[in-house]
Amino acid sequence: MVNYDQNGSYIHKLSQGDLRIDTNLLITLTLVFDVFDTQIKIDLKENSSLIVYYVLKEIKPFNFTNVIVLEKNSNYTGYLLDLNEGDSNIIIEIKQKSLSNASFYSGIIADKNDKKILETKFYNEENNSVSYQQNYGIVRNNASLFIKGLGKIEKGAFNSNNRQDSRLIIFDENSKGKIEPLLFIDENEVQASHSSALGRINEDQIFYLQSRGLSKEEAKKTIIKGFLAPLLSRINNYEINLVLKEKLNYEF
Amino acid sequence: MAKLSIKDLHVLVGNKKILNGINLEINDGEVHALLAPNGHGKSTLLAVLMGNPNYIVEKGEVLFNGVDLLKLSVDERAKAGLFLAMQYPMTIPGVSVSDFLKSAINAKSEKPISLYKFIKTLEEACQDVNLPLDMVHRPVNEGFSGGEKKRNEILQMLVLKPSLALLDEIDSGLDVDAIKIVASAVNKLRENPLFSAILVSHYARLFQLITPTHVHIIINGEIIANGDFSLIEKIDKNGYDWIKAEYGVDINKKVLPVSLENCGVKR
Ligand SMILES: Nc1ncnc2c1ncn2[C@@H]1O[C@H](COP(=O)(O)OP(=O)(O)OP(=O)(O)O)[C@@H](O)[C@H]1O
Ligand SMILES: [Mg+2]
């Protein structure tokens, strides 16, 4: 168990284990993964705030489960980019007590026969808990990507809010993409919504970019960067920037 | 050897024949005006020259500086010096004009352009087309007005300095002042004696501002008349109705898609 008891930014190489963020703390964590199977649990004590950047190195297949428990009045924001080659199976499970706030943002590229699954589970267990997730997926070259988003507002979690927003672009006929939002609501006074957008790449855009001299591959990467732009503009993290530069030639 | 030489070009879109044997030669320094009624194949010809994959070349040959253009990929054509200002420019969400242009410049040159030089180039081009410089930080064509999209096409042309520009209705949707601005931007490139262009427009106004060296009329996917400025004046005054009497071609002859014809036969 790693216990954080002082404000600050930390970089952590992780395999297994539990993390605890003490009450009233403000922590930024960069979690760097370099093993295949990882399960971690994060406890946010009352009034604490945590920003997590999940940085995936070249590991395949990648299986990752992250359980996050938000005590009263705590805040969690997670940014996960999976631009890796290889299969991945990512589960983010979030349990929220009253007045807590959780936001999760992801960008996943499934390329060259990759099979990737992102499964999020948000449980609003108590009143006035707010959850938001935004997922961006790109599927190309015979790959598949499945985004499964569960939201559950439990009995007694009045005034809670659970929203999810997922979008996927599919580059070719041989690739498969699917978004499956699921909402279960056991309380009356709540708000919940989901929006999903699944689209094919627009060939005319590729032609336009190519007609200015970009190769087909550069054109596709440019479109991917543009698609991810709303997500990337939120991220300000050195380790993630390195990955973006390497994988997408993304300049800052 | 001509710079661009099109021989007996036949083109299909889907299963519809659009171009029916185009022949055209363009040399350095020439500007060729292309006129035709709506739907007769102007955009198709330009798109095919640029390599749009939606169009299928059924027959014919296109040489650009002696190279078989039809064998090149779209980006290879751009690198060889072609540029297409599109009638309906695409929107690229999340990609700024400036990032896009930087990639485009770098794709064409050996080593990456310096930031200083890039900004200077952009500033100058924005001035030339009278777009505010902060416009280049917006995503390509997203929310641009019709006229702004056209100016953005010309901005890109100024930055990329093609040797053969294919300009598809760069005047449509432009206000009177903007037409002058766009025309003078093209004329600026014309100062280079090697620069050539194919200029498509429905309006004599543009051709008065960018005077063509050659004029062609396309009807039903074929060039049926070649001439000089007087041809433009004639169309401007009389439309295309006189064509039938003079050249014996029916401009309303609709080319039907093959599948529809088959349906008709069955019935
Ligand atoms: N993808 C397509 N599928 C079917 N028909 C098409 C397609 N693209 C173009 N066409 C048809 O090809 C014909 C020629 O179109 P083109 O755009 O070349 O005309 P144009 O001369 O540029 O007309 P305008 O003056 O209206 O711009 C039109 O009848 C058009 O409907
Ligand atoms: Mg047209």
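This text gives an overview of the structure that appears in the document. (Residues numbered from 1 in each chain as written. Chains lettered and ligands numbered in written order. Predicted model: local features only at pLDDT ≥ 70, side-chain atom pairs only at ≥ 80, totals over all residues. Heavy atoms only, no water.)

### With respect to the overall build of chain B
- Of regular secondary structure, chain B possesses ten helices and twelve strands.
- Taken over the C-alpha trace, chain B has a radius of gyration of 19 Å; the compact-globule value for 267 residues is 18 Å, and the two agree within 12%.
- A burial count over chain B gives 50% of its 267 residues as buried.
- Look at the contacts in chain B between residues 6 or more apart in sequence, and 70% of them connect residues 24 or more apart.
- As displayed, chain B has an accessible area near 12,400 Å², and 51% of this comes from carbon and sulfur atoms.
- A distance of 3 Å separates the average location of the 30 positive side-chain charges in chain B from that of its 32 negative side-chain charges. (Helix = DSSP H or I, 4+ residues; strand = E, 2+ residues; numbered from the N terminus. Rg over C-alpha atoms; globule rule 2.2 N^0.38 Å. Buried < 20%, exposed > 50% of the residue type's maximum accessible area, 1.4 Å probe, protein only. Contact = heavy atoms within 4.5 Å. Areas by Shrake-Rupley, 256 points an atom, 1.4 Å probe, with all protein chains shown as cover. Lys, Arg positive; Asp, Glu negative; His and termini not counted. Charge placed at Lys NZ, Arg CZ, Asp CG, Glu CD.)

### Digging into the overall build of chain A
- If you tally the helices and strands in chain A, you get three helices and 16 strands.
- Its C-alpha atoms give chain A a radius of gyration of 18 Å, near enough to 18 Å, the size a compact globule of 252 residues would have.
- Each principal axis of the C-alpha distribution contributes one length, and for chain A these read about 55 × 40 × 30 Å.
- Scored against the burial criterion, the 252 residues of chain A give a buried share of 55%.
- When the accessible surface of chain A is summed, it comes to about 10,600 Å², and 45% of that surface belongs to carbon and sulfur atoms.
- Between the centroid of the 30 positive side chains of chain A and the centroid of its 33 negative side chains there is a distance of 3 Å.

### A word on the packing of helix α3 (residues 97-108) of chain B against helix α5 (residues 146-160) of chain B
Residue and element names in this part refer to chain B.
- Packing of α3 against α5 leaves a shortest axis separation of 10 Å and a crossing angle of 30°. As for how α3 packs across α5, the hand of that crossing is right-handed. Residues V97, F100, L101, A104, I105 and K108 of α3 pack against N152, L155, Q156, V159 and L160 of α5.
- Of the residues assigned to the contact of α3 with α5, the class counts are eight nonpolar, two polar and one charged. (Axes fitted to C-alpha atoms, helices over the stretch in contact; angles between N-to-C directions. Left-handed = near helix turned anticlockwise from the far one by under 90°. Nonpolar A, V, L, I, M, F, W, Y, C, P; charged D, E, K, R; others polar.)

### A word on the packing of aromatic side chains
- With the rule as written, the count across this model stands at 13 aromatic pairs over all chains.
- Note on A:Y79 and A:Y105: the rings are 5.3 Å apart at their centroids and 15° apart in plane angle, and the pair reads as stacked. Taken together, the positions of A:Y79 in strand β8 (residues 75-82) and A:Y105 in strand β10 (residues 101-110) put the pair 26 residues apart, joining distant regions of the chain.
- Here A:Y79 falls in the buried class, since its relative accessible area comes to 10%.
- Between B:K234 and the ring centre of B:W242, over which it is positioned, the NZ or CZ distance is 4.1 Å. (Phe/Tyr/Trp six-rings, centres within 6.5 Å; stacked < 30°, edge-to-face > 60°. Lys NZ or Arg CZ within 6 Å of the ring centre and 35° of its normal.)

### Re the environment of A:Y79
- Considering only alpha carbons, one finds A:Y79 and A:S103, 24 residues apart in sequence, at a separation of 8.7 Å.
- Beyond its immediate chain neighbours, meaning those up to four positions away, A:Y79 contacts A:I51, A:V52, A:Y53, A:Y54, A:Y105, A:R234, A:I235 and A:I240.

### Considering the interface of chain B and chain A
- Each side of the interface is counted separately: chain B has 30 residues, and chain A has 18 residues.
- Where chain B touches chain A, the interface holds one salt bridge.
- Ionic pairing is found between A:R212 and B:E153, a salt bridge with its closest N-O pair at 2.7 Å.
- For the pair chain B and chain A, the interface holds nine residue pairs in polar contact (both at pLDDT 80 or more).
- Broken down by secondary-structure element, the contributors of at least two residues to the side of chain B that touches chain A are α1 (42-50), α2 (74-80), β6 (82-85), β7 (92-96), α3 and α5 of chain B.
- In the side of chain B that touches chain A, the residues fall into 19 nonpolar, eight polar and three charged. (Salt bridge = Lys/Arg side-chain N within 4 Å of Asp/Glu carboxyl O. Polar contact = N/O pair within 3.5 Å; in protein donor to acceptor, adjacent residues only side chain to side chain.)

### Considering the pattern of salt bridges
Residues and elements named next belong to chain A.
- Scanning the model with the defined rule gives 24 salt bridges over all chains in all.
- The partner of D43 in a salt bridge is K41, with the nearest N and O atoms 3.6 Å apart.
- With a relative accessible area of 32%, K41 lands in the partly exposed category.
- Ionic pairing is found between K95 and E93, a salt bridge with its closest N-O pair at 3.6 Å.
- Taking relative accessible area as the criterion, K95 reaches 27% and is therefore assigned partly exposed.
- According to the relative accessible area criterion, E93 is buried, its value standing at 16%.
- It is possible to trace a salt-bridge network through shared partners that takes in D111, R140 and E217.

### Thoughts on the coordination of the magnesium ion (ligand 2)
- The magnesium ion (ligand 2) binds to the protein through B:S43 (OG) and B:Q87 (OE1), with metal-donor distances spanning 2.0 to 2.1 Å. With B:S43 in helix α1 and B:Q87 in the loop between β6 and β7, this pair connects stretches of sequence that are 44 residues apart. (Donors = N, O, S within 2.8 Å, 3.2 Å for Na, K, Ca; no water.)

### Concerning the sheet that holds strand β2 (residues 8-14) of chain A
All names here are of chain A.
- Overall, parallel pairing links the eight strands, which are arranged β2-β4-β6-β8-β10-β12-β14-β16 in an open sheet. Among the strands making up the open sheet, the edge pair consists of β2 and β16 (191-200). Shown here is a sheet whose adjacent strand axes are inclined to one another by a mean of 10°, direction ignored.
- Relative to strand β6 (residues 49-56), helix α3 (residues 238-248) is tilted by about 30°, and along the sheet it contacts β2, β4 (26-33), β6, β8 and β10. (Pairing = 2+ DSSP bridges.)

In short, shape yes, function no, at least from these values alone.
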